[in-house]
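# Fold and geometry: a report
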Amino acid sequence: MTSTRRWATLVGALTLVLALTAMPAGAAPPEVRWTSPSQTDPVLRERGPLRGEASDPDGGGIETITFTLEPDQAMEPDDPCRPSIQDGDQVQTYAGSPAVSFAVRVNLPCNGTFVATAVVRTRPASAFDEQNQATAVLRFDAAVPPLPVSGLRGKAGSEPPPDDAPQEQVPPPPSEVDEVAPDDGADDGDEDLVPQVVTLVWDPNPEPDLLRYEVHRAAPERPFWPIGSVEAGYTRYVDDLTGAKGGSYRYRVFSVREGPGSATEVVVADEPAETAVDVPGRRIATGDETTTTTQAGSASPSRQTTRSGASVRRSPLTTRDTGFEPTLDFGELPAPAPGEAEGEQPQGDPGDDAAIARFDDDDDPMPLDLLAPVAGSLVLLMGAIHLRHLAKRASESPDPVDVVVEG
């Protein structure tokens with residue numbers, strides 16, 4: 001009996017020693033790291049999920065990963081730029097895989113600096129193991145380009161819409177001044193240029209941190225060049241092409257948003273919206289008719305006037321001095337005499353016609369040095385005619401009668 005108890009006590013002690021020897025001293029924590037963005041390149045440059053990797057070196061396997069996302073600076077809960085993790089991605093569950101790659105879908109309405117956290121929990125490898133966990137924290141900058149502009153369309157017309165969209169004009173390049181923009185240094189002509197504008201409209205972008213829209217234009221056979229910008233909140237740009245060459249004008253609109261650092265760091269959309277607008281040639285108003293030409297023209301910086309509800313550029317007319325006062329009221333012409341056809345001039349002395357022709361001929365006026373001899377000849381002729389008339393009257397009078405008076 002005593003011997004049996006001794007053997008039982010010895011076996012129990014050996015079993016306890018073996019169990020204590022086989023128990024692990026402590027399981028190693030899991031490993032987790034962010035890959036996009038990462039600690040070495042902490043910048044998010046495109047839309048998409050945050051990515052990373054996790055593993056369990058003890059072989060128990062990954063059980064869950066919990067994610068959080070917060071702004072680097074304090075932000076109100078109702079701030080439109082506040083980040084968040086999409087539903088279903090806050091906690092991700094795995095079936096004890098020893099190594100996993102994860103992707104977290106996030107909402108980043110604005111660019112800026114944010115802090116992402118991943119907490120990994122593992123399964124125990126044995127009954128003697130405890131559940132381990134590890135945490136990976138990533139501070140990163142979001143520098144994501146805005147969405148490309150959508151719905152861009154353009155229309156050429158003579159009257160711009162109401163000017164309620166603040167827009168900044170950029171001077172055209174020197175190579176486009178003569179082909180596109182009106183030349184302010186041109187001489188005044190005798191033509192009235194009809195206003196010609198292209199109105200661009202597009203759909204608004206959704207980014208709360210959008211700064212502006214930049215507009216580029218390419219004239220016919222010309223490269224693109226920035227011509228202006230529109231501040232965020234407005235979706236229309238008016239391009240004045242009065243007096244410009246006709247043809248197909250191409251336009252591009254870029255969206256620009258803030259960068260992660262400050263308002264001076266901007267990010268531009270990679271793919272702009274593009275459209276083409278056919279613009280008539282240089283249009284000249286002539287009374288109730290409008291003449292269109294496709295040749296390059298320029299408008300002078302003259303005054304603005306209104307015709308038929310449309311604003312046109314008017315230049316002073318060049319007139320020829322004929323020596324007449326244009327403000328005299330000559331009245332209406334007399335009605336033609338009976339027997340004369342309308343528009344037919346009455347037949348008169350050919351000398352009169354010759355005198356009128358000489359008077360109207362501005363290119364060959366009578367020299368002033370011939371006027372004095374002609375006038376003197378006329379005076380002598382009139383004097384001779386008068387003396388002849390007196391002599392004739394004297395010859396026709398009766399002989400004188402002598403009267404004798406006797407004393």
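Data block above holds the structure.
Residues numbered from 1 in each chain as written. Predicted model: local features only at pLDDT ≥ 70, side-chain atom pairs only at ≥ 80, totals over all residues. Heavy atoms only, no water.

Bridge analysis of strand 15 (residues 210–218) against strand 16 (residues 225–231) gives six bridges, and the strand direction is antiparallel. Bridge pairing links Glu214 to Ser229 in strand 16. Here strand 15 hands over to strand 16 after six residues, with Glu221 in that stretch at a positive phi of 60 degrees. (Pairing = 2+ DSSP bridges. Helix = DSSP H or I, 4+ residues; strand = E, 2+ residues; numbered from the N terminus.)

Attention now goes to the layout of surface pockets. Each pocket or cavity is described by its volume, and for the largest pocket that value is around 320 Å³. Here the lining of the largest pocket gets three residues from one element, more than from any other, and that element is strand 9 (residues 112–122). When its residues are assigned to classes, the lining of the largest pocket shows seven nonpolar, seven polar and three charged. (1 Å grid on protein atoms, 1.4 Å probe; cavity = no way out; pocket = protein on both sides within 12 Å on 5 of 7 lines; lining within 4 Å. Points joined across faces, edges and corners; volume = space filled by probe spheres on them. Nonpolar A, V, L, I, M, F, W, Y, C, P; charged D, E, K, R; others polar.)

Counting 26 residues, the largest nonpolar core has Trp34, Ile65, Phe102 and Phe140 as the members making the most contacts within it. Of all the elements in the fold, those that place two or more residues in this core are strand 1 (31–36), strand 3 (50–55), strand 4 (62–71), strand 7 (99–104), strand 9 and strand 10 (133–142). Ranked by residue count, the leading element in this core is strand 10, at five residues. Dropping the residues within four chain positions of it, Trp34 is found in contact with Leu50, Arg51, Gly52, Phe67, Phe102, Ala116, Thr117, Ala118, Ala136, Val137 and Leu138. In terms of nonpolar packing, the next biggest core, distinct from the first, is built from 20 residues, Leu152, Val198, Val215 and Val279 among them. (Core = buried A, V, L, I, M, F, W, Y, C linked by side-chain atoms within 4.5 Å. Buried < 20%, exposed > 50% of the residue type's maximum accessible area, 1.4 Å probe, protein only. Contact = heavy atoms within 4.5 Å.)

Bringing a nonpolar patch on the surface into the picture now. A cluster of nonpolar side chains, namely Val374, Leu378, Leu381, Met382 and Ile385, defines an oily patch on the protein surface of about 500 Å² accessible area. Within the element layout of this structure, Ile385 appears in helix 3 (residues 371–395). (Patch = residues over 30% accessible without salt bridge, like charges linked within 9 Å, V, L, I, M, F, W, Y side chains within 5 Å. Areas by Shrake-Rupley, 256 points an atom, 1.4 Å probe, with all protein chains shown as cover. Salt bridge = Lys/Arg side-chain N within 4 Å of Asp/Glu carboxyl O.)

Across the junction of Ser36 and Pro37, the peptide omega takes the value -10 degrees, indicating a cis bond. Tracing the chain through its elements places Pro37 in the loop between strand 1 and strand 2 (43–44). We note that Glu221 has phi near 60 degrees; this positive angle belongs to a residue other than glycine. Residue position: Glu221 is located in the loop between strand 15 and strand 16. By relative accessible area, Glu221 is classed as exposed at 81%.

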